[in-house]
Amino acid sequence: MSDQSPLSYDSKSEGNIIFTRLDAAINWMRSNSLWPMPMGLACCAIELMAAGAARYDISRFGAEVMRFSPRQSDVMIVAGTVTYKMALAVKRIWDQMPEPKWCIAMGACASSGGMYRSYAVLQGIDRLIPVDVYISGCPPRPEALLDGLMMLQKKIMGEHAIADQKKALFEAV
Amino acid sequence: MTAADAAASLSGKFPAAITAEKEFRGERTLVLRADSLHDVCAFAKESLGFDYLIDISSVDHFGAEPRFEVVYELYSMNDGAHLRLKIPVSEDDCEAATVSDIWPTANWHEREVFDLMGIRFQGHPDLRRILMWEGYPYHPLRKDFPLGGRPSDVPGLAFSETAPLAGGPFVTVPTDGTTQVREPRARHAGETPGPAKFPDEP
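Residues numbered from 1 in each chain as written. Chains lettered and ligands numbered in written order. Predicted model: local features only at pLDDT ≥ 70, side-chain atom pairs only at ≥ 80, totals over all residues. Heavy atoms only, no water.

Remark on secondary structure: sheet strands pair via backbone hydrogen bonds, oriented parallel or antiparallel. All names here are of chain B. Spatially, 5 strands are ordered S1-S2-S5-S4-S3 in an open sheet, and the strand pairing comes out mixed. For this open sheet the edge positions go to strand S1 (18–24) and strand S3 (52–60), each flanked by a neighbour on one side alone. For this sheet, the mean angle separating the axes of adjacent strands, direction not counted, is 20°. Two strands pair when backbone bridges link them, and strand S4 (residues 68–75) and strand S5 (residues 82–89) are joined in this way by 8 bridges, in the antiparallel orientation. Paired with Tyr-75 across the two strands is His-82, which belongs to S5. Across the sheet, helix H1 (residues 3–13) touches S1, strand S2 (27–32) and S5, and the angle it forms with S2 is around 20°. Lying on the sheet, helix H3 (residues 106–117) is in contact with S3 and S4; it crosses S3 at an angle near 10°. (Pairing = 2+ DSSP bridges. Helix = DSSP H or I, 4+ residues; strand = E, 2+ residues; numbered from the N terminus. Axes fitted to C-alpha atoms, helices over the stretch in contact; angles between N-to-C directions. Contact = heavy atoms within 4.5 Å.)

All names here are of chain A. Read across the open sheet, the 4 strands follow the order S1-S2-S3-S4; overall the sheet is parallel. Looking along the sheet, the strands with just one partner apiece sit at the ends: strand S1 (36–40) and strand S4 (133–135). Here the average twist between neighbouring strands, direction ignored, is 15°. Sheet topology places strand S2 (residues 75–79) next to strand S3 (residues 102–106); 5 bridges connect them, and they run parallel.

What follows concerns the nonpolar core. In this structure, Leu-10, Tyr-72, Leu-74, Leu-85, Val-99 and Ile-119 of chain B are the most contacted members of the largest nonpolar core, which totals 36 residues. Looking at this core, the elements that each hand over two or more residues are H1, S2, helix H2 (37–46), S3, S4, S5 and H3 of chain B. The greatest single-element share of this core, amounting to 5 residues, is contributed by H2 of chain B. For Leu-74 of chain B, the residues in contact, after removing those within four places along its chain, are Ala-44, Phe-50, Tyr-52, Leu-53, Ile-54, Ala-81, His-82, Leu-83, Leu-85 and Trp-103 of chain B. Counting residues in each nonpolar core, the second largest holds 29 residues, with Met-76, Val-82, Tyr-84 and Trp-94 of chain A among its members. (Core = buried A, V, L, I, M, F, W, Y, C linked by side-chain atoms within 4.5 Å. Buried < 20%, exposed > 50% of the residue type's maximum accessible area, 1.4 Å probe, protein only.)

On the side of chain B, 20 residues touch chain A, which itself brings 11 residues to the contact. If you sort the residues of chain A by the area they bury against chain B, Tyr-84, Lys-85 and Tyr-119 of chain A come out on top, with a joint share of 54%. At the boundary of chain A and chain B, one finds 1 salt bridge. In this structure, the salt-bridge partner of Arg-127 of chain A is Glu-161 of chain B, at a minimum N-O distance of 2.8 Å. Taken together, the residues of the side of chain A that touches chain B sort by class into 6 nonpolar, 2 polar and 3 charged. (Buried area = accessible area lost by both parts, 1.4 Å probe. Salt bridge = Lys/Arg side-chain N within 4 Å of Asp/Glu carboxyl O. Nonpolar A, V, L, I, M, F, W, Y, C, P; charged D, E, K, R; others polar.)

Moving on, we come to the pairing of S4 of chain B. Put simply, side chains in a regular strand alternate between the two faces of the sheet. All names here are of chain B. Extensive coverage of S4 is indicated by the burial of 7 of its 8 residues. As paired strands, S3 and S4 are joined by 8 bridges and run antiparallel to one another. Bridge assignment links Ser-58 to a residue of S4, and that residue is Val-70. Between S4 and S5, which follow one another and run antiparallel, lie 6 residues, and Gly-80 among them has a positive phi close to 70°.

For the rest of this paragraph, the subject is unusual backbone geometry. Note the cis peptide between Cys-138 of chain A and Pro-139 of chain A, where omega equals -10°. Relative to the assigned elements, Pro-139 of chain A resides in the loop between S4 and helix H6 (142–157). Cis rather than trans, the peptide bond between Glu-65 of chain B and Pro-66 of chain B has omega equal to 0°. Unlike most non-glycine residues, Cys-94 of chain B shows phi in positive territory, near 55°. Relative to the assigned elements, Cys-94 of chain B resides in the loop between S5 and strand S6 (95–97).

Below, the structure is given as structure tokens:
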């Protein structure tokens, strides 16, 4: 079984026992229950709310549990213009999120400063925290956010943290 | 009472205070001596019925003396009259009298003018920055402040960097030309705008 297809399971021949790799199982669980930290700072937050509502329904991808506490969040969705006045608050909330954590820069402003080439606006949240997925648009439609979320899920499915730890352990021993 | 009546009444009451009076497209503007502003405003509110201060703004006539101008927009709810008052503020003292004891709304308007233009209002009860953060060393709407900003750092609170402008499509280029030349939409496609010229801040 590969990392990419942890679901290849035949109940007739395998019964209640599933053989897989720990990495694959953990990645599968993580990627399908991403709890977002909604960092809504401007108009992108409206689209983020639309993505969470009935029509687009982000819960189809397991990411409907918007946590307003960073300590319970997995993915920070930076939705909107990050002013310098807000920048260190965003950083602080990011630092309070437990590992593993991911970041989606939603929209032009969060990705690059957007049209605000200004003395007051941080030119992209990636100058402060590491970003996994950038979503273009001003603001992006909810479909674009869902697409970004699926890209992030794909990225998480390819992670191999346990395998790396095991390798490091063997090398240490 | 119309704005013209109010202006006549003010110039009768404060003949030494008013240095110029203008009318443009039905809008009346009085230019005052800075030290008489508070008395004129108090009289305008108490006796002439200007009970609503629409806005306070400021203008930077960079290179001219006096450099700044503070503009007060007065409105009378009962009469529908609109009167504009202007006072000159020189760069050396950068001070004006507060009117926040006359119109409470002036409190935040004056904080905004202080934050972005650096004019201090004497007698203001709480003159703090309102948009930029405490400790930010510049006043960003001054003409000698570059559009892209300047780097600054207040540890633990906020930092700022210079934004990359690179003659982008939304950037007005300072030249000696007319407004048409400076206007970004007037440039033809592929035309490179001239280098940005900003005087250094002392």
